[in-house]
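Next come the chains, spelled out residue by residue.
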Amino acid sequence: MSTGDYVSFTLANPLGTKDSEELGLEARTHAVGEQVTMLRRDAMRLVAVGYVKGADPNKIATVHTALTTVKAKTPAVPKA
């Protein structure tokens, strides 16, 4: 498991505009219950402060369940 992969999860607390932008999300308030996708390393920061629904930082199994790995979008290659 790499820290460079992307994960999707549900927010347990609202995430403000500034914090969203710093985490690479759209610069707006993200509501409780909203599904978001970001780098695993950034998601783990949110796990540690209780922002990931169903993830208890003291119970690794709950973290694995709450974070769903997603494939990163590959950039389109222009045709010659």
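One structure accompanies this document, and this report is about it. The model shown is predicted, which means the values in this text are computed figures rather than measured ones.

### Regarding the sheet that holds strand β2 (residues 35-39)
Spatially, 3 strands are ordered β2-β1-β3 in an open sheet, and the strand pairing comes out antiparallel. Two strands bound the open sheet, and with one partner strand each, they are β2 and β3 (68-70). Across the sheet, the axes of successive neighbouring strands diverge by a mean angle of 35°, strand direction being ignored. Pairing geometry for strand β1 (residues 6-10) and β3, over 3 bridges, is antiparallel. Paired with Val 7 across the strands is Thr 69, a residue of β3. The sheet contacts of helix α2 (residues 40-48) involve β1, β2 and β3, and relative to β2 the element is tilted by about 120°.

### A word on the pattern of salt bridges
Considering all chains together, one arrives at 5 salt bridges under this definition. Residue Glu 26 is joined to Arg 28 by a salt bridge in which the shortest nitrogen-to-oxygen separation is 3.2 Å. The class for Arg 28 is partly exposed, based on a relative accessible area of 30%. Between Arg 45 and Asp 42 there is a salt bridge, with its nearest N and O atoms 3.5 Å apart. Taken together, the residues span about one helical turn, with Arg 45 and Asp 42 both in helix α2 at a distance of 3 residues. Salt bridges linked by common partners bring Glu 26, Arg 28 and Glu 34 together as one network.

Cut-offs used in this document
- Residues numbered from 1 in each chain as written.
- Predicted model: local features only at pLDDT ≥ 70, side-chain atom pairs only at ≥ 80, totals over all residues.
- Heavy atoms only, no water.
- Pairing = 2+ DSSP bridges.
- Helix = DSSP H or I, 4+ residues; strand = E, 2+ residues; numbered from the N terminus.
- Axes fitted to C-alpha atoms, helices over the stretch in contact; angles between N-to-C directions.
- Contact = heavy atoms within 4.5 Å.
- Salt bridge = Lys/Arg side-chain N within 4 Å of Asp/Glu carboxyl O.
- Buried < 20%, exposed > 50% of the residue type's maximum accessible area, 1.4 Å probe, protein only.

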